[in-house]
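# Summary of the model geometry
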Amino acid sequence: MAFGRFERTPGQTPMSEINVTPLVDVMMVLLVIFILTAPLLGSALKLDLPQAQGASASAAAQAVRLSVDAQGQVFLDDQPMALDALAQALKSRAAQAIAAGQAELPEVQLQADTQVPYGRVVEVMDLAQLAGLNRMGFVTQRKPDTPKP
């Protein structure tokens with residue numbers, strides 16, 4: 001019987017380096033997910049708002065009523081005014097409120113006809129803001145209730 005020697009092949013050696021390619025792939029996917037979702041998380045507001053069936057606004061104690069008709073004529077408390085006179089009247093109203101020691105300046109309630117150009121409404125709003133009356137409300141008509149089908 002002949003005894004022969006078989007050549008021995010070296011066994012598997014342990015791997016001494018880490019393959020980082022899968023790790024980089026996973027990290028890139030996570031980075032993209034965080035980049036896309038971060039702005040959405042910051043802008044989400046959770047509010048519990050009251051519910052109303054078209055509640056009407058209460059009249060402010062001291063409100064300045066401005067109206068603009070279809071022809072663009074401006075009215076202050078139902079009195080027609082030119083824009084120059086309106087600016088002076090609004091400044092005097094603001095000064096009166098400050099002199100009276102009111103905590104807040106009066107609110108401007110703006111009524112504008114649907115046919116009035118937007119630029120005219122902005123002119124009136126600008127005059128009120130230049131006078132220091134920054135609280136502004138837009139007066140509208142309530143839509144009639146429509147029956148539910």
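Look up: the structure comes first, before these words.
One numbering rule holds for all chains: residues counted from 1, following each sequence as written. In view of the model being predicted, local features appear only for residues whose pLDDT reaches at least 70, and side-chain atom pairs are presented and counted only at 80 or more, with totals across whole chains, interfaces and linings using the full set of residues. The side-chain figures draw on all heavy atoms in the structure; neither hydrogens nor water molecules are used.

What follows deals with the overall build of the protein chain. A run of H or I in DSSP counts as a helix once it spans at least four residues, and a run of E counts as a strand once it spans at least two, with each numbered from the N terminus. In terms of helices and strands, the protein chain carries three helices and five strands. Counting helices and strands in the order they occur from the N terminus, the protein chain gives α-β-β-β-α-β-α-β. Contacts are assigned to residue pairs with any non-hydrogen atoms lying within 4.5 Å of each other. A fraction of 65% describes how many contacts in the protein chain between residues 6 or more apart in sequence connect residues 24 or more apart. Accessible surface, the protein chain as shown: approximately 12800 Å² in total, 59% of it carbon and sulfur. Calculation of accessible area relied on Shrake-Rupley with a 1.4 Å probe; when residues are assessed, cover is drawn exclusively from the protein chains displayed.

The term salt bridge refers to a side-chain nitrogen of Lys or Arg lying within 4 Å of a carboxyl oxygen of Asp or Glu. For the coordinates displayed, the defined rule picks out five salt bridges. One salt bridge in this structure joins Asp 78 and Arg 65, with 3.3 Å as the shortest N-O distance. Here Arg 65 lies in strand β1 (residues 63–68) and Asp 78 lies in the loop between β2 (74–76) and β3 (79–81), a separation of 13 residues in the sequence. Relative accessibility thresholds used throughout: buried, under 20% of the residue-type maximum; exposed, over 50%; partly exposed, between the two (1.4 Å probe, protein chains only). Residue classification places Arg 65 among the partly exposed residues on the basis of a relative accessible area of 36%. With a shortest N-O distance of 2.7 Å, Asp 77 and Arg 93 are connected by a salt bridge. In this pair, Asp 77 sits in the loop between β2 and β3 while Arg 93 sits in helix α2 (residues 83–99), placing the two residues 16 residues apart along the sequence. A relative accessible area of 26% means that Arg 93 is categorised as partly exposed. Connected through shared salt-bridge partners, Arg 65, Asp 77, Asp 78 and Arg 93 make up one network.

Below, the discussion takes up the nonpolar core. The biggest cluster of nonpolar side chains holds 19 residues, and the ones touching the most others in it are Leu 66, Leu 76, Leu 86, Leu 90 and Val 124. Sorting elements by how many residues they give to this core places α2 first, with five residues. The criterion is simple. A nonpolar core is a set of buried Ala, Val, Leu, Ile, Met, Phe, Trp, Tyr and Cys residues joined through side-chain atoms within 4.5 Å.

Once that is clear, we can look at unusual backbone geometry. Even without being glycine, Asp 77 reaches a positive phi, approximately 50°. Of the residues examined, Asp 77 reaches a relative accessible area of 24% and is grouped as partly exposed. Positive phi outside glycine occurs at Asp 78, with the angle close to 65°.

Attention now goes to the sheet that holds β3. Any two strands with at least two DSSP bridges between them are considered paired. The strand order β3-β2-β1-β4-β5 describes an open sheet built from five strands, whose pairing is mixed. Taken across any chain shown, the strands that pair with only one partner, and hence form the sheet edges, are β3 and β5 (136–138). With direction set aside, neighbouring strand axes in the sheet form an average angle of 30°. Pairing of β1 with β2 involves three bridges; the strand directions are antiparallel. The residue of β2 that forms the bridge with Leu 66 is Leu 76. Lines fitted to C-alpha atoms define the axes here, with helix axes fitted over just the stretch in contact, and angles between the N-to-C directions of these axes take values from 0 to 180 degrees.

Once that is clear, we can look at the side chain of Glu 107. When you line up the elements, Glu 107 lands in strand β4 (residues 107–112). Despite its burial, Glu 107 remains without a salt bridge, the nearest opposite charge being carried by Arg 135 at 4.0 Å. The positive count covers Lys and Arg only, the negative count covers Asp and Glu only, and His and the chain ends enter neither.

This next bit is on helix α3 (residues 118–130). One fewer than the residue count of a helix, multiplied by 1.5 Å, yields its expected span. Compared with the 18 Å implied by 1.5 Å per residue over 13 residues, the 18 Å span of α3 between its first and last C-alpha is a close match. What α3 keeps buried is the set Val 121, Val 124, Leu 127 and Ala 128. Seen along its axis, α3 keeps its buried residues to an arc of 120°; they face one direction. Exposed residues on α3 whose side chains face more than 90 degrees from its buried face are Tyr 118 and Leu 130. Where α3 is buried, its residues meet β1, β2, α2, β4 and β5. At the exit of α3 stands Gly 132, carrying a positive phi of roughly 100°. Directions pointing from the helix axis toward each C-beta atom define the arc.

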